[in-house]
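Residue-level structure breakdown
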Amino acid sequence: MSFRDVLLKSAALGFHETAVVSQIKGNPSKIEIYNENCELLLFLKITVSLLNLKGKINSDALNIRCEIEELKNPISDILKIPDKNSNKNLIWVKKGEGENKAIIEFYDKEGSVRDPRIYVKNWRFK
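Residues numbered from 1 in each chain as written. Predicted model: local features only at pLDDT ≥ 70, side-chain atom pairs only at ≥ 80, totals over all residues. Heavy atoms only, no water.

Points about the overall build of the protein
Broken down by element type, the protein carries two helices and seven strands. Taking 126 residues into account, the globule formula puts the C-alpha radius of gyration at 14 Å, and the protein, at 15 Å, falls close to it. Here the C-alpha coordinates of the protein stretch approximately 40 × 30 × 30 Å along the principal axes. The burial tally for the protein puts 37% of its 126 residues in the buried class. Put simply, of all contacts in the protein between residues at least 6 apart along the chain, 42% involve residues at least 24 apart. When the 21 basic and 17 acidic side-chain charges of the protein are each reduced to a single mean position, those positions are 3 Å apart. (Helix = DSSP H or I, 4+ residues; strand = E, 2+ residues; numbered from the N terminus. Rg over C-alpha atoms; globule rule 2.2 N^0.38 Å. Buried < 20%, exposed > 50% of the residue type's maximum accessible area, 1.4 Å probe, protein only. Contact = heavy atoms within 4.5 Å. Lys, Arg positive; Asp, Glu negative; His and termini not counted. Charge placed at Lys NZ, Arg CZ, Asp CG, Glu CD.)

Observations regarding the packing of aromatic side chains
This model, assessed by the stated rule, comprises two aromatic pairs. Judged by centre distance (5.1 Å) and plane angle (70°), the ring pair of F3 and Y34 falls under edge-to-face. Of the two residues, F3 sits in helix 1 (residues 3-12) while Y34 sits in strand 2 (residues 27-35), which places them 31 residues apart along the sequence. Under the relative-accessibility criterion, F3 is labelled partly exposed at 38%. Residues W92 and Y107 carry aromatic rings whose centres are separated by 5.7 Å and whose planes lie at 50° to one another, so their mutual orientation is tilted. Separated by 15 residues along the polypeptide, W92 in strand 5 (residues 90-95) and Y107 in strand 6 (residues 102-107) bring together distant segments of the chain. For the residue pair W92 and Y107, the accessibility class agrees, reading buried in each case. (Phe/Tyr/Trp six-rings, centres within 6.5 Å; stacked < 30°, edge-to-face > 60°.)

A few points about the sheet that holds strand 1 (residues 17-24)
Read across the sheet, seven strands follow the order 1-2-3-7-6-5-4 without closing on themselves; strand pairing throughout is mixed. For this open sheet the edge positions go to strand 1 and strand 4 (63-66), each flanked by a neighbour on one side alone. This sheet shows a mean twist of 25° between the axes of neighbouring strands, independent of strand direction. Running at roughly 145° to strand 1, helix 1 makes contact with strand 1 and strand 2 of the sheet. (Pairing = 2+ DSSP bridges. Axes fitted to C-alpha atoms, helices over the stretch in contact; angles between N-to-C directions.)

Section: the pairing of strand 4
Neither face of strand 4 is exposed, since N63 and R65 on one face and I64 and C66 on the opposite face are all buried. In the classification by handedness, the crossover that spans strand 4, the intervening helix 2 (residues 69-79) and the parallel strand 5 is left-handed. (Right-handed = clockwise from strand over helix to strand, strands pointing away.)

Regarding the environment of N35
Here N35 is to be found in strand 2. Distance from N35 to L8, taken between C-alpha atoms, is 9.8 Å for residues 27 residues apart in sequence. Reaching out from N35, the side chain makes a polar contact with the side chain of E39 at a distance of 2.7 Å. (Polar contact = N/O pair within 3.5 Å; in protein donor to acceptor, adjacent residues only side chain to side chain.)

Quick look at helix 2
For helix 2, the set of buried residues is L71, P74, I75, S76 and I78. The inward-facing, buried residues of helix 2 abut strand 1, strand 2, strand 3 (40-49), strand 4, strand 5 and strand 7 (113-125). Immediately beyond the C-terminal end of helix 2, within one or two residues, lies K80, with a positive phi of roughly 55°.

Okay, structure coming up:
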């Protein structure tokens, strides 16, 4: 199955966006989100760390917080997750330092940080 076939199958199943995670040496290296027309909406060059922090996130109540103004609307619009000021069931995009322009953290239904922690080195969006 070709990459285009995967995106077309995803659209046929009713998904409007499809996330593709690529890896180098067994570790995630980039996340690309495509729309149903196979257009790239968002590209993130990443590294990931796991701290073995387990928890449960209620995806029905998921919200996002973004400290980076340039990314706030594109991420919320692409993922279709409301931007709220909550500490539970949260994807938090924080300002990074050095070569990491952003850090993405996940918080569970109790408000505790959970795996994975995603370090974003670069991004671009449509």
